[in-house]
Amino acid sequence: MTSRWTTAVLDTDLPGGWAVARSPEGFLFDDNGALFPREWLKRQDLSILAEHGIGHLDGEPVYLLELHSPLDIPGCHWKGLRAFMLEGDHTLYKVLGYAAQIGTWAREHRFCGSCGKRMSQIPLERAMYCDACDLRHYPRISPSMIVLITRGDEVLLARSPRFVTGVYSTLAGFAEPGESAEDCLVREVREEVSIEVKNIQYMGSQCWPFPHSMMLGFHAEYAGGDIVPQEDEIEDAQWFNVHDLPPLPASRSIARYLIDLYVARRLGHAEPVLPG
Ligand SMILES: NC(=O)c1ccc[n+]([C@@H]2O[C@H](COP(=O)([O-])OP(=O)(O)OC[C@H]3O[C@@H](n4cnc5c(N)ncnc54)[C@H](O)[C@@H]3O)[C@@H](O)[C@H]2O)c1
Ligand SMILES: [Mg+2]
Ligand SMILES: [Zn+2]
C-alpha cells in the first residue's frame, strides 16, 4: 500500500499547492478541513513568521505557513493538534503532526544557540545554518520510552495529575543523555512507581508530536517491590485486572495499543494494529 502522505523539502519560491496555517492557537480549518489553496491563503492578511514546503499529499505539494498570531477569517476557526488527533482523519493528522514539529523547530531555531546570530534555512534541507559557527541545527526529536508492566492477568497503570479525570495509562518518560532505551525504562519505572521489572521487550514506536517525542514502546514483567507513586508526578498507580480496566488513553496512542495488545493476547481476541 502506498502512503498518501510523504514528507519532502519543497522550494517555497514555486507557486501553487495546498497550505496549512499554524498559529499559537493551533491550525486553521473550515468545513472542508485544514488544507487551503496556498495562493488564496497567502492573499489573506496573515502575519507569516516562516513558510516551509513540507511534503506531498496525494501527489500535491503541501506548505506550512507558520504565523505569529491567529487571524479572524470568515468561516474559519483555529483548533489544536490534539483535537485533530482525537477526532480527525488519520492522514490529515499525520500532515498536521509533521507540520507542527517543523513549525516548532523553525520557530525555536531562528537564532544560533552557540553565538546568538540569526540563522538561515539551508535550501532543500531541513536544517537551519549558522554561518559564523558553521553549525547546522536539525529538527529536535525527543526519545521517550513507554512501558506496559504486567503480572499475569494484571497490568500496572498510573495517572498523572495532568490526565483527564479517571484515565489511567502506562508509564512513560524522556531518555536522558547516556542512557539506552532500556536504561531509561528501568530508571523511569523505579522513579515513578518504585518497582523492578524483567523480560523487557520492544513492541514498536510512534511519533508523538506533542511537541516532538518519539515514543519507544515496551512490554515488561513485574520482578519485585511494592508500588510507591512518585510525589507530584504520579497521582495514583494500581494493578488492574484485564477484565476490570479503568478509562484508558485515546485509541491512537501507543499507550492504548500496548494495553489493548496485551489484553487481546490474554483473552484470545484479535490483536490491534499499532497506530502510526
Ligand atoms: N503516545 C503515547 O501513548 C504517550 C503516552 C504517555 C506519554 N507520552 C509522551 O511521552 C513523553 C514523556 O512522558 P512524561 O511526560 O511522563 O515524561 P517524564 O516522566 O520524563 O516527565 C516529564 C518531565 O520531564 C521533563 N522534560 C520535558 N521535556 C523533556 C525532554 N525533551 N527531555 C527530557 N526531559 C524533559 C520535564 O521536567 C517534565 O516535567 C511526553 O511527551 C508525553 O506526552 C505519550
Ligand atoms: Mg512520566
Ligand atoms: Zn552561531
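Structure report, in brief. (Residues numbered from 1 in each chain as written. Chains lettered and ligands numbered in written order. Predicted model: local features only at pLDDT ≥ 70, side-chain atom pairs only at ≥ 80, totals over all residues. Heavy atoms only, no water.)

Regarding the sheet that holds strand β9 (residues 128-130)
Part 1 of the reasoning: Strand order in this open sheet of three strands is β8-β9-β10, and the pairing throughout is antiparallel. Every interior strand has two partners, whereas the edge strands, β8 (120-121) and β10 (135-137), have only one.
Part 2 of the reasoning: Of the pairings in the sheet, the one linking β8 to β9 comprises two bridges and is antiparallel in character. Paired with Gln-121 across the bridge in β9 is Met-128. (Pairing = 2+ DSSP bridges. Helix = DSSP H or I, 4+ residues; strand = E, 2+ residues; numbered from the N terminus.)

Observations regarding the site of ligand 1
Part 1 of the reasoning: Of all residues adjacent to ligand 1, which total 19 residues, the nearest are Phe-174, Glu-192, Trp-208, Ser-213 and Ala-255.
Part 2 of the reasoning: Between an oxygen atom of ligand 1 and a main-chain N or O atom of Phe-174, the distance comes to 3.0 Å.
Part 3 of the reasoning: The side chain of Glu-188 places a nitrogen or oxygen atom 3.4 Å from an oxygen atom of ligand 1.
Part 4 of the reasoning: If ligand 1 stood free it would expose 850 Å²; the protein chains cover 66% of that surface.
Part 5 of the reasoning: Elements with a contribution of two residues or more to the shell around ligand 1: β11 (142-151), β13 (171-174), α4 (181-193), β14 (196-208), β15 (213-224) and α5 (254-267).
Part 6 of the reasoning: Across the shell around ligand 1, the residue classes break down as eight nonpolar, six polar and five charged. (Near = heavy atom within 4 Å. Polar contact = N/O pair within 3.5 Å; in protein donor to acceptor, adjacent residues only side chain to side chain. Areas by Shrake-Rupley, 256 points an atom, 1.4 Å probe, with all protein chains shown as cover. Nonpolar A, V, L, I, M, F, W, Y, C, P; charged D, E, K, R; others polar.)

Some details on the pattern of salt bridges
Part 1 of the reasoning: Taken as a whole and assessed by the stated rule, the structure comprises 17 salt bridges.
Part 2 of the reasoning: Close ionic contact of Arg-266 with Asp-153 constitutes a salt bridge, the shortest N to O distance being 2.8 Å. Taken together, the residues Arg-266 in helix α5 and Asp-153 in the loop between β11 and β12 (154-159) connect sequence positions 113 residues apart.
Part 3 of the reasoning: Relative accessible area serves as the criterion here: at 42%, Arg-266 is assigned to the partly exposed category.
Part 4 of the reasoning: Close ionic contact of Glu-271 with Arg-265 constitutes a salt bridge, the shortest N to O distance being 3.0 Å. (Salt bridge = Lys/Arg side-chain N within 4 Å of Asp/Glu carboxyl O. Buried < 20%, exposed > 50% of the residue type's maximum accessible area, 1.4 Å probe, protein only.)

Points about the environment of Glu-235
Part 1 of the reasoning: Within the element layout of this structure, Glu-235 appears in the loop between β15 and β16 (236-241).
Part 2 of the reasoning: A relative accessible area of 47% places Glu-235 in the partly exposed class.
Part 3 of the reasoning: Apart from the residues lying within four places of it in its own chain, the contact partners of Glu-235 are Arg-159, Ser-160 and Pro-161.
Part 4 of the reasoning: Engagement of the side chain of Glu-235 in a polar contact is seen with the side chain of Arg-159, the distance being 2.7 Å. (Contact = heavy atoms within 4.5 Å.)

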